[in-house]
Amino acid sequence: MTRTAVVTGGTRGIGAAISKHLKQMGYNVIANYVSNKSAAESFCQATNVEVMQWDVSDFEACKKAIQEISTKYGTIDILVNNAGITRDGFLHKSTPQQWNEVISTNLTSCFNMCHGVIQAMREKSFGRVINVSSINGQKGQIGQVNYSAAKAGIIGFTKALALECAMKGITVNAVAPGYIHTEMVAAIPENILPTIIAQIPLGRLGTPEEIASVVGFLAADTSGFITGATISANGGQYLS
Ligand code: NDP
């Protein structure tokens, strides 16, 4: 039996590495994206991973996408809530729109997607939910009150849902990456990046593949005794 995995934001950056890794593990993978169709098509051509467009901050869009995938492949066994955005700025200079965008894309998306898949996982007595948090949700970050709140929220969400699902063979875990070499990090001003790297004991950024291997580990059938955990992969930058 081939398990089906859905990776939100699965066509670029960390999500793309996760989608590829899960496919290499033998899963049937659907990689979601929101607007960058050309990146998604190139990813699909290069990897043969099926790609699908919807906005994870939109409850009805998530419901519709999950129904379509379930009709085509049966239940979704593995859900990786990876899609995320930043809208950085000091709180006093931030707008309600920036706050709402970050909360809805990073955190409400976890509710939207889990709401759609959990019932079927409960009926099947199997499921893996892996939520991508961040080091900045663990320790806070200047200019990222919105993002840190969303990513910390993911950790609480993960623990509570893990408890709700524990008796049903469903594990729910979070991965908290440190600074990883992706477009999101490339957007950090050049003069700030060396300061960040200087704070990482390993002396370098992480790679998307190093996060993908943690997600793959948590997704495996053999990882059934790990639930409610947050696994940090941050080069030693924050020891939680
Ligand atoms: P990227 O910006 O490289 O990729 C983001 C992905 O999410 C894209 O595929 C994008 O789709 C998708 N996405 C964004 N908004 C939505 C939406 N509303 N609906 C569906 N898909 C959406 O991000 P990273 O790979 O850097 O980050 C991935 C995750 O890891 C995020 O949750 C991020 O917060 C987290 N993280 C990243 C770190 C880093 O150092 N990079 C550190 C810690 C955590 P499209 O291509 O269409 O734009």
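An account of the accompanying structure is given in this report. For clarity, every value in this text was computed on a predicted model and none was experimentally measured.

Turning our eyes to something else, we now look at the overall build of the protein. Helices and strands together make up the secondary structure of the protein, namely nine helices and seven strands. Taking 240 residues into account, the globule formula puts the C-alpha radius of gyration at 18 Å, and the protein, at 17 Å, falls close to it. Referenced to the eigenvectors of the C-alpha coordinate spread, the extents of the protein come out at roughly 50 × 40 × 35 Å. Taking all 240 residues of the protein together, the buried fraction comes to 46%. Taken as a whole, the protein presents about 11,400 Å² of accessible surface, with 56% of it coming from carbon and sulfur. The distance from the centre of the 18 positive side-chain charges to the centre of the 16 negative ones in the protein is 4 Å.

Attention shifts here to the sheet that holds strand 2 (residues 28–33). Spatially, 3-2-1-4-5-6-7 is the arrangement adopted by the seven strands of the open sheet, whose pairing is parallel. Looking at which strands have only one partner, the edges of the open sheet turn out to be strand 3 (50–53) and strand 7 (230–233). Strand-to-strand twist across the sheet, computed as the mean angle between neighbouring axes with direction ignored, equals 20°. The strands touched by helix 1 (residues 13–24) are strand 1 (4–7), strand 2 and strand 4 (78–81); relative to strand 1, the strand with the most contacts, the crossing angle is about 170°. Strands strand 5 (127–132), strand 6 (170–177) and strand 7 of the sheet are contacted by helix 6 (residues 145–165), whose axis makes an angle of about 160° with strand 6.

This part takes up the site of the ligand. Lining the immediate environment of the ligand, one finds 30 residues, of which Arg-12, Ser-35, Asn-82, Tyr-147 and Thr-182 sit closest. At a separation of 2.8 Å, an oxygen atom of the ligand approaches a polar backbone atom of Asn-36. A distance of 2.8 Å separates a nitrogen atom of the ligand from a polar side-chain atom of Asp-55. Of all elements in the fold, only helix 1, strand 2, helix 6 and helix 7 (183–186) reach the threshold of two or more residues within the shell around the ligand. For the shell around the ligand, the residue count by class is 14 nonpolar, 13 polar and three charged.

Reading the values: rules and limits
Residues numbered from 1 in each chain as written. Predicted model: local features only at pLDDT ≥ 70, side-chain atom pairs only at ≥ 80, totals over all residues. Heavy atoms only, no water. Helix = DSSP H or I, 4+ residues; strand = E, 2+ residues; numbered from the N terminus. Rg over C-alpha atoms; globule rule 2.2 N^0.38 Å. Buried < 20%, exposed > 50% of the residue type's maximum accessible area, 1.4 Å probe, protein only. Areas by Shrake-Rupley, 256 points an atom, 1.4 Å probe, with all protein chains shown as cover. Lys, Arg positive; Asp, Glu negative; His and termini not counted. Charge placed at Lys NZ, Arg CZ, Asp CG, Glu CD. Pairing = 2+ DSSP bridges. Axes fitted to C-alpha atoms, helices over the stretch in contact; angles between N-to-C directions. Contact = heavy atoms within 4.5 Å. Near = heavy atom within 4 Å. Polar contact = N/O pair within 3.5 Å; in protein donor to acceptor, adjacent residues only side chain to side chain. Nonpolar A, V, L, I, M, F, W, Y, C, P; charged D, E, K, R; others polar.

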